[in-house]
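Working through the structure, step by step
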Amino acid sequence: MKTLEAGDKSIALVVDDNPDSLGMVSSALEAQGMTVLVARDGHSAIKLTHRVQPDVILMDAIMPEIDGFETCRLLKTGPNPTLAPIIFMTGLCDQEHVVKGLQAGGVDYITKPVVIEEMIARLSTHVVNSRMLQSARDAIDAFERPILAFDEDGQFVWGSKSALEVLEGGDFALDAPEFQHWLRNCAARPVSEISPHAGEGAIAYFMGLSATHEILIKLDAENGSTREVLLQSAFNLTAREAEVLYWLTLGKTNRDISAILTLSARTVNKHLEQVFQKMGVDNRTSAAVLADRVLHTRTSL
């Protein structure tokens, strides 16, 4: 298992209203080479994350004004939720409070009094996993894919930069009952059975479930031209080739495309061969990336 090494430049936010506990935990993390931020209450912790994005947050469960559970919930919701994993530090180790912490958005808990070696081991694992996840999200941003992720209850988890731009530029409501009903269907049915959802100013497409069971949605701003027409014009495709490419950008397999367009699998393959040749690419991923850039650029104008 990979652990934090001396000189690690990770940033940890420690939230605890007890000065002794705060000092002990902070000193232990600084000894691991981490930069440590401290907050004595939930409100201060939230304000700090607006200025600096920590790599991990250690959260006391019981604090005055707003407790750690509510602070965690506030940090993990809204248009720009913190991506940092939140680990609870608590003397409340019964099942009810453990579940409450996980439901609030926490990833783990450490019982008080804190055992330093255990804390470092748990924290190291979550920091490494979080960095891997962030790398995947950065890759999505780099390819300009407008992706949103939701948990199984339909709560917004994270969004790529281009997807957040679509949200900010329109009136698409993530909490609208129709959209939430559509999300529930996404979680329960195969990709090939889910039709796009047209909301106010944007269209949502179900891309599938991530390895962590997040519901992944592609969000496109509406404009006067259909996506197929844009692709047909951009790459000099036939109408049918543009349809095949369009469904490819939505993550559909050849089998899905065959069923959606009522074509044989052989015909879909032939169309894709022509699409790849006209686009100057040799694989599905490259074709999807180029097409997605065209759709995102044109529909954002």
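Residues numbered from 1 in each chain as written. Predicted model: local features only at pLDDT ≥ 70, side-chain atom pairs only at ≥ 80, totals over all residues. Heavy atoms only, no water.

Topic: the sheet that holds strand β2 (residues 35–39)
We count it as follows: At least two bridges found by DSSP between two strands is the condition for calling them paired. Labels follow the DSSP assignment, with helices taken as runs of H or I lasting at least four residues and strands as runs of E lasting at least two, numbered in each case from the N terminus. Only the contacting stretch of a helix is used when fitting its axis, a line to C-alpha atoms as for every element, and angles between N-to-C directions run 0 to 180 degrees. Only heavy atoms enter the contact rule, under which two residues are in contact if any of them lie within 4.5 Å.
Across the sheet, five strands lie side by side as β2-β1-β3-β4-β5; this open sheet has parallel pairing. Each edge of the sheet is formed by a strand with only one pairing partner; in this case those strands are β2 and β5 (108–111). Recorded for the sheet is a direction-independent mean angle of 20° between the axes of neighbouring strands. One ladder, built from four bridges, connects strand β4 (residues 86–90) with β5; its direction is parallel. Each bridged residue has a counterpart across the sheet, and for Phe-88 the counterpart in β5 is Tyr-109. The strands touched by helix α1 (residues 19–31) within the sheet are β1 (11–15), β2, β3 (56–60) and β4, with β2 carrying the most contacts at an inclination of about 165°. Across the sheet, helix α2 (residues 42–51) is in contact with β1, β2 and β3; its angle to β2 comes to roughly 140°.

As for the side chain of Asp-108
For the record, the criterion: Buried residues are those whose accessible area, probed at 1.4 Å on protein chains only, stays under 20% of the maximum for their type, while exposed residues exceed 50% and partly exposed ones sit between those limits.
Turning to its location among the elements, Asp-108 is positioned in strand β5. Under the relative-accessibility criterion, Asp-108 is labelled buried at 14%. Discounting chain neighbours no more than four positions away, the residues touching Asp-108 are Ile-86, Ile-87, Phe-88, Leu-102, Arg-122 and His-126.

Side note on the sheet that holds strand β7 (residues 156–159)
The five strands lie next to each other as β7-β6-β10-β9-β8, forming an open sheet whose pairing is antiparallel. Two strands bound the open sheet, and with one partner strand each, they are β7 and β8 (197–198). Sheet topology note: the strand β6 (residues 147–150)/strand β10 (residues 215–221) ladder contains four bridges and is antiparallel. The partner of Phe-150 across the bridge, within β10, is Ile-215.

Brief notes about the packing of α2 against helix α3 (residues 68–75)
So the rule is basically this: When describing relative orientation, an angle under 35 degrees is termed roughly parallel and one over 145 degrees roughly antiparallel, while 65 to 115 degrees is termed roughly perpendicular and anything else oblique. By definition, any crossing whose near helix is turned counterclockwise from its far helix by less than a right angle is left-handed, and any crossing with a clockwise turn is right-handed. Any residue that is not Ala, Val, Leu, Ile, Met, Phe, Trp, Tyr, Cys, Pro, Asp, Glu, Lys or Arg is counted as polar, Gly included; the first ten are nonpolar and the last four charged.
Packing of α2 against α3 brings their axes to within 9 Å, and their N-to-C directions diverge by 20°. Accordingly, the angle class assigned to the pair α2 and α3 is roughly parallel. Seen along the crossing, α2 lies across α3 with a hand that is right-handed. Counted together, Gly-42, Ala-45, Ile-46 and Thr-49 of α2 and Thr-71, Leu-74 and Leu-75 of α3 form the full contact between these two elements. Classifying every residue of the contact of α2 with α3 gives four nonpolar, three polar and no charged.

Quick look at α2
We apply this condition: Directions drawn from the helix axis to the C-beta atoms are what define this arc. Any N or O atom pair separated by 3.5 Å or less is treated as a polar contact, with the protein-specific requirement of one donor-capable and one acceptor-capable atom, and with residues adjacent in sequence counted only for side-chain atom pairs.
Here α2 has its buried residues at Gly-42, Ala-45, Ile-46, Leu-48 and Thr-49. One side of α2 holds all its buried residues, which, seen down the axis, span an arc of 160°. Turned more than 90 degrees away from the buried face of α2 sit Lys-47, His-50 and Arg-51, all of them exposed. Each element contacted by the buried residues of α2 is listed here: β1, β2, β3 and α3. A distance of 3.1 Å separates the backbone nitrogen of His-43 from a side-chain oxygen at the start of α2, and that oxygen is part of Asp-41.

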